[in-house]
Amino acid sequence: ISIGDWSSDVCSSDLDKIDELINKYAKNLSVNRMPKVDLSILRLAICELVFIEEIPSKVSINEAIELAKLYCDDKAPNFINGILGSVVNEFETK
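Treat the numbers as computed from the prediction; the structure is a model and nothing was measured.

### Observations concerning the overall build of the protein
Argument step 1. Per the secondary structure count, the protein includes 5 helices and 0 strands.
Argument step 2. Listed by position from the N terminus, the elements making up the protein come as α-α-α-α-α.
Argument step 3. Going through the 94 residues of the protein one by one, you find that 36% of them count as buried.
Argument step 4. Within the protein, contacts between residues separated by at least 24 positions form 62% of all contacts whose residues are at least 6 apart in sequence.
Argument step 5. Entry remark: accessible area of the protein is about 6,000 Å², with carbon and sulfur atoms responsible for 51%.

Pasting the structure below:
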């Protein structure tokens, strides 16, 4: 099984947990109201941060920010960076 297939399985099977983390740290914006591209970038990055230890957190965050710069509005990179930073802080303290 490839890492892409495995990560897709992990992300989809733990989507509720991932969305809970997004809702926890996205101030005044739920996953239901979030732009779909922003949401997809966050879901993938959080999946990598929480479930795929082989990928360093800095790499996941940097790639998510770069994707946001390419495909989202001007505010999205900072928004995504803030949420991912909070997720990393939560899991580093555990």
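And the narrative resumes.
### What to know about a nonpolar patch on the surface
Argument step 1. Judged by side-chain polarity, Val37, Leu67, Leu70 and Tyr71 come together as a nonpolar surface patch covering roughly 410 Å² of accessible area.
Argument step 2. Broken down by element, the nonpolar patch gets its largest block of residues, 3 residues, from helix α4 (residues 57–71).
Argument step 3. Positionally, Leu70 belongs in helix α4.

### Structural notes on the side chain of Ser60
Argument step 1. Its location among the elements puts Ser60 in helix α4.
Argument step 2. The buried category is assigned to Ser60, whose relative accessible area is 2%.
Argument step 3. Ignoring anything within four residues of it in the chain, the contact list for Ser60 reads Ala45, Glu48, Leu49 and Ile55.

Here is what the cut-offs are and how they apply
- Residues numbered from 1 in each chain as written.
- Predicted model: local features only at pLDDT ≥ 70, side-chain atom pairs only at ≥ 80, totals over all residues.
- Heavy atoms only, no water.
- Helix = DSSP H or I, 4+ residues; strand = E, 2+ residues; numbered from the N terminus.
- Buried < 20%, exposed > 50% of the residue type's maximum accessible area, 1.4 Å probe, protein only.
- Contact = heavy atoms within 4.5 Å.
- Areas by Shrake-Rupley, 256 points an atom, 1.4 Å probe, with all protein chains shown as cover.
- Patch = residues over 30% accessible without salt bridge, like charges linked within 9 Å, V, L, I, M, F, W, Y side chains within 5 Å.
- Salt bridge = Lys/Arg side-chain N within 4 Å of Asp/Glu carboxyl O.

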